[in-house]
Amino acid sequence: MDDYVKKMESDLGYKIPKDSPLFETLSLLNKYNALPNLKLENLADSYGYFNKIKNQIVLDKKTAKDINLPTHEYTHTLDGIMAEQFDQLFKKPEEQRTKEEQQFLSAYLKLQPRFTRFPFPQDDSVPKEMRFYRYSPSELRAFGTGFYGGGKFMDGKAQGHIDATMATEMAVLRELLSRQKTQEQNPFYQDPFGTMQYIAP
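What comes next concerns the included structure. Predicted, not measured: the structure shown is a model, and the values here were computed from it. (Residues numbered from 1 in each chain as written. Predicted model: local features only at pLDDT ≥ 70, side-chain atom pairs only at ≥ 80, totals over all residues. Heavy atoms only, no water.)

Some thoughts on the pattern of salt bridges
A side chain of one charge can pair with a side chain of the opposite charge if their charged atoms are brought near each other.
Here is step 1: Counted under the stated rule, the structure contains 9 salt bridges.
Here is step 2: Residues Lys-91 and Asp-87 are paired through a salt bridge, measuring 3.0 Å at the closest nitrogen-oxygen approach. With a gap of 4 residues between them, Lys-91 and Asp-87 both fall in helix H3 (residues 68-91), about one helical turn apart.
Here is step 3: Lys-92 is the partner of Glu-101 in a salt bridge, and the nearest nitrogen-oxygen pair spans 3.0 Å. Taken as a pair, Glu-101 and Lys-92 share a single burial class, namely buried. (Salt bridge = Lys/Arg side-chain N within 4 Å of Asp/Glu carboxyl O. Helix = DSSP H or I, 4+ residues; strand = E, 2+ residues; numbered from the N terminus. Buried < 20%, exposed > 50% of the residue type's maximum accessible area, 1.4 Å probe, protein only.)

Quick look at the structure:
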């Protein structure tokens, strides 16, 4: 992972703090052997995206200079790992789950954004045609973690406590995921990218 982080820092032009959500996310992706390829391009109509098929994150060169953007996109990648881990643990007989596995399973189910009771905001800071995307389950955690990732840039800050809540919930899930067994230890483990069809915008 050290070489990956050094290359990433060289490409982005700044150090990634070890106490940042991004570094925690990179560590977990490394643990699950799922660090994506990173590519910087001049994007005309997007800040960045995660391509599951290529296992690749593409970031806009200009806006990637702020840590919020990679934090956002790498959170999408980790969300996919969490979903696969949940799926594997859900299939595992309850009596065979460890306490840590059961904690992650319960927390992941309870903290699903689509199960939250957030009212759909009438948010004038977000263009009307973008609101469904901005507040969709797949984007809530990524935006929240991005906004509280240590940088300054990002459009579309949510109303009220939504971003702070999503960032906190993702921090809890990262901590619980970090306690899970790795591939070598867990016979129920499968390659997280082997079965998912997940392409986050």
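Back to the text.
What to know about the side chain of Gln-180
Here is step 1: Mapped onto the fold, Gln-180 is located in the segment after helix H7 (162-178).
Here is step 2: What makes Gln-180 buried here is its relative accessible area of 4%.
Here is step 3: Beyond its immediate stretch of four places on either side in the chain, Gln-180 contacts Lys-31, Tyr-32, Gln-85, Leu-89, Glu-100, Glu-101 and Phe-104. (Contact = heavy atoms within 4.5 Å.)

Concerning the sheet that holds strand E2 (residues 48-51)
Here is step 1: Pairing is mixed across the open sheet formed by 3 strands, whose spatial order is E1-E3-E2. Across the chains shown, the open sheet's two edge strands, defined by having one partner strand only, are strand E1 (37-41) and E2. Shown here is a sheet whose adjacent strand axes are inclined to one another by a mean of 15 degrees, direction ignored.
Here is step 2: As defined by bridge partners, E1 adjoins strand E3 (residues 56-60) across 5 bridges and the pair is classed as parallel. Within the sheet, the bridge partner assigned to Leu-38 lies in E3 and is Ile-57.
Here is step 3: Packing of H3 onto the sheet brings it into contact with E1, E2 and E3, and relative to E3 it is tilted by some 160 degrees. (Pairing = 2+ DSSP bridges. Axes fitted to C-alpha atoms, helices over the stretch in contact; angles between N-to-C directions.)

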